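Structure at a glance
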Protein chains: 2
Amino acid sequence: MSSLDSSPRAVNGTVAPAGEIAKQIPPAAVARLTIYLRALNTLLADGVERVSSESLAEASGVSSSTLRKDLSYVGSYGTRGVGYEVQYLSRHISAALGLTHDWKVAIVGAGNLGKALARYDGFESRGFDVVAIFDADQLVVGNEVGWLRVSDVADLETVLRRTGTNMVVLALPAAVAQAVCDRVVAAGVHSILSFAPVMLQVPDGVNLRKVDMATELQILAYHAQRAQTPDQTA
Amino acid sequence: MSSLDSSPRAVNGTVAPAGEIAKQIPPAAVARLTIYLRALNTLLADGVERVSSESLAEASGVSSSTLRKDLSYVGSYGTRGVGYEVQYLSRHISAALGLTHDWKVAIVGAGNLGKALARYDGFESRGFDVVAIFDADQLVVGNEVGWLRVSDVADLETVLRRTGTNMVVLALPAAVAQAVCDRVVAAGVHSILSFAPVMLQVPDGVNLRKVDMATELQILAYHAQRAQTPDQTA
DNA sequence: TAGATTGTTAATCGATTAACAATC
DNA sequence: TAGATTGTTAATCGATTAACAATC
């Protein structure tokens, strides 16, 4: 009843016919689909089999309108008057996001952050395999981090190839980030998540995302300051 | 020439008159202003005194149109035909973002991530003082992390008050995040940055931001998968 | 004055929301 | 059939971009 291809619903659903170009999902919707997926997997773990757009939306912190619109980019996997089957929907979102692929992640930088990321449960549990961690410091190379040993960043290209890495996380100082990033790209890895607090330049066709923790605090600061300075139309 | 209030430009500029309500800056612009600020501070460190919207935009990875529009929300601090004074603009953006306040940050969770955050240079260097770190594990309480000793999360309220904390970073498991978040809010801290992979519910007036590292990888996966499946209009 | 570059306007584009017809 | 809830449409809202008048 819920195998991805053999489900009866797949016959009715507005799935893109084989061979057709899957339509582009708007960026804002992609980001939220990952949230729905997490909520669905929580429901699944709790043994919940069916959910309405209303309650899934509430669990995800969005309006039911936004949720249904977002799901409509993926396909039409609900039943009017009834709701969505949790497992069935979860599988289809996963497929649409490309999470059925085999993602192998290497972390460059074995400082505090790099080590924390290497040991972060959330990666493995969501299907991302951490296969290597690198550092430039010879005192750190060879150390154990979780299941891994720290590789020398000098061997970056070799190790990336050997491990079949297709995603890289940069957890290194701003000063060296661009140089390492260039090597990663040259080595053929086109998906990069950077924690380095610099604007990295990458060629077209490379997907670069950035997480900047200080930026997040600065955005909080802006809102906090506004809240503290109340409407003083003196 | 560049003190925030005594500059001659402050006379001409479209600064909001004292006592008037500062206009709300759109969220997308706030996020980018933090990027401009970082670029400006890099220029400042390099001894650059003046910059055009064109080159600051390039360094920040946005169009000059977007940059000038964003700056216009802060005020009018450039000189036509000339450009912007780096230090002068940097100060005004800082002021607009509320970064001249005294921000005291506590981290809840002294696991790998919490420890990495406590030692992260980027916080201190951008004016955020990490004043406390908490954990529930008695084996961890009392340990040294950077300059700090780990406090017992049982003493959360007391320590937050004593240290004058006004921002909290949650670096703890999904299962306990909501309960701790509730206590933080009850203790009067209204700015929270969460790394826990759950949707937290907070009352109105509380600013909550989320960083989810696995979500970032999932978004990369979506784009990578699309790139790999090329235009097969077979 | 001539050249350069800002600050702002108006047009375009994308995201969100409300409402409801379709349909289980 | 009556009740419920999806999937989609159309309206609204916000963000981005291009162009240029203002002005140093």
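Before any of the text, the structure's been laid out above.
Attention here is on the structure that accompanies the text. All values reported here derive from a predicted model rather than from experimental measurement.

This brings us to the interface of chain A and chain B. Across the boundary between the two partners, chain A contributes 67 residues, which contact 67 residues of chain B. Around 6100 Å² of area is buried between chain A and chain B when both sides are counted, 63% of it from carbon and sulfur atoms. For the interface between chain A and chain B, the tally reads six salt bridges. Our count for the chain A to chain B interface comes out at 18 residue pairs in polar contact (both at pLDDT 80 or more). Ranked by residue count, the leading element in the side of chain A that touches chain B is helix α10 (residues 213-228) of chain A, at 15 residues. Tallied by class, the residues present in the side of chain A that touches chain B amount to 37 nonpolar, 19 polar and eleven charged.

With that settled, the discussion passes to the packing of aromatic side chains. Summed over all chains, the structure comprises four aromatic pairs over all chains. Seen in terms of ring centroids, A:Y77 and A:Y88 are 5.7 Å apart; in terms of plane orientation they differ by 80 degrees. Their pairing is edge-to-face. Here A:Y77 is found in the loop between α4 (64-74) and β2 (78-79), whereas its partner A:Y88 is found in helix α5 (residues 86-97), with eleven residues between them in sequence. Here the two residues A:Y77 and A:Y88 agree in accessibility, since each one is buried. A ring pair is formed by B:Y120 and B:F123, whose centres lie 5.1 Å apart and whose planes are at 90 degrees; its orientation type is edge-to-face. You'll find B:Y120 and B:F123 in the same group, each marked buried.

Here we take up the sheet that holds strand β8 (residues 167-170) of chain B. Ordered in space as β6-β7-β5-β4-β8-β9-β10 (chain B), the seven strands form an open sheet in which the pairing is mixed. Of all strands in the sheet, those bounded by a partner on one side alone are β6 (144-145) and β10 (207-210) of chain B. Lying on the sheet, α10(A) is in contact with β4 (103-108), β5 (128-135), β8, β9 (191-194) and β10 of chain B; it crosses β9(B) at an angle near 160 degrees. Lying on the sheet, helix α8 (residues 156-163) of chain B is in contact with β4, β5, β7 (148-152) and β8 of chain B; it crosses β5(B) at an angle near 165 degrees.

Mapping chain A onto chain B is achieved by rotating through 180 degrees and translating by 0.0 Å along the same axis, at an RMSD of 0.0 Å. Put plainly, the chains are arranged around a two-fold axis. Counting the interface residues of chain A, we find that 100% of their copies in chain B are interface residues as well, pointing to one common contact surface.

Take the protein's contact with DNA strand D next. Around DNA strand D there are 26 residues in total, and A:S53, A:Y84, B:R32, B:S65 and B:R80 lie nearest to it. Backbone sugar and phosphate groups make up 55% of those atoms of DNA strand D lying within 4 Å of the protein. Contacts to DNA strand D include A:G81, whose backbone N or O atom sits 3.1 Å from a sugar or linking oxygen. Those elements giving two or more residues to the surface near DNA strand D turn out to be α4, β2 and β3 (83-85) of chain A together with α2 (27-45) and α4 (64-74) of chain B. By residue number, the principal contributor to the surface near DNA strand D is α4(B), which donates four residues. Considering only residue class, the surface near DNA strand D consists of six nonpolar, 13 polar and seven charged.

Bringing the protein's contact with DNA strand C into the picture now. Neighbouring DNA strand C are 26 residues, the closest being A:R32, A:S65, A:R80, B:S53 and B:Y84. Within 4 Å of the protein, atoms of DNA strand C come from sugar and phosphate in 56% of cases. Within the contact set of DNA strand C, a base nitrogen lies 2.5 Å away from a side-chain nitrogen or oxygen of A:S65. Breaking the surface near DNA strand C down by element, the ones donating at least two residues are α2 (27-45) and α4 of chain A together with α4, β2 (78-79) and β3 (83-85) of chain B. The element that contributes the greatest number of residues to the surface near DNA strand C is α4(A), accounting for four residues. Of the residues assigned to the surface near DNA strand C, the class counts are six nonpolar, 13 polar and seven charged.

A cluster of acidic residues, A:D102, A:D121, A:E124 and A:D129, forms a negative patch on the protein surface. With respect to the secondary-structure elements, A:D121 resides in helix α7 (residues 121-125).

Moving on: the pattern of salt bridges. Any two side chains of opposite charge can pair, on the condition that their charged atoms come close. Tallied over the full model, the rule gives twelve salt bridges over all chains. With a closest N to O distance of 2.0 Å, B:D212 and A:R38 form a salt bridge. One end of the pair, B:D212, is in the loop between β10 and α10 (213-228); the other, A:R38, is in helix α2, on a second chain. For the pair shown, B:D212 and A:R38 are each scored as buried.

Residue and element names in this part refer to chain A. Read from one edge of the open sheet, seven strands run β6-β7-β5-β4-β8-β9-β10, paired in mixed fashion. With partners counted over all chains shown, the strands left at the sheet margins are β6 (144-145) and β10 (207-210), one partner each. In this structure, strand β4 (residues 103-108) lies alongside strand β8 (residues 167-170), joined through four bridges in parallel fashion. Paired with V105 across the bridge in β8 is M167.

Right, let's talk about the pairing of β8(A) for a bit. All names here are of chain A. Here β8 shows a buried face lined by M167 and V169 and a second buried face lined by V168 and L170. Pairing of β8 with strand β9 (residues 191-194), which is carried by three bridges, proceeds in the parallel orientation. Across the sheet, V168 pairs through a bridge with I192, a residue of β9. At this point the chain moves from β8, through helix α9 (residues 174-186), to the parallel β9, and the crossover so formed is right-handed.

Cut-off values and rules
- Residues numbered from 1 in each chain as written.
- Chains lettered and ligands numbered in written order.
- Predicted model: local features only at pLDDT ≥ 70, side-chain atom pairs only at ≥ 80, totals over all residues.
- Heavy atoms only, no water.
- Contact = heavy atoms within 4.5 Å.
- Buried area = accessible area lost by both parts, 1.4 Å probe.
- Salt bridge = Lys/Arg side-chain N within 4 Å of Asp/Glu carboxyl O.
- Polar contact = N/O pair within 3.5 Å; in protein donor to acceptor, adjacent residues only side chain to side chain.
- Helix = DSSP H or I, 4+ residues; strand = E, 2+ residues; numbered from the N terminus.
- Nonpolar A, V, L, I, M, F, W, Y, C, P; charged D, E, K, R; others polar.
- Phe/Tyr/Trp six-rings, centres within 6.5 Å; stacked < 30°, edge-to-face > 60°.
- Buried < 20%, exposed > 50% of the residue type's maximum accessible area, 1.4 Å probe, protein only.
- Pairing = 2+ DSSP bridges.
- Axes fitted to C-alpha atoms, helices over the stretch in contact; angles between N-to-C directions.
- Least-squares fit on C-alpha atoms with pLDDT ≥ 70 in both.
- Near = heavy atom within 4 Å.
- Patch = residues over 30% accessible without salt bridge, like charges linked within 9 Å, V, L, I, M, F, W, Y side chains within 5 Å.
- Areas by Shrake-Rupley, 256 points an atom, 1.4 Å probe, with all protein chains shown as cover.
- Lys, Arg positive; Asp, Glu negative; His and termini not counted.
- Charge placed at Lys NZ, Arg CZ, Asp CG, Glu CD.
- Right-handed = clockwise from strand over helix to strand, strands pointing away.

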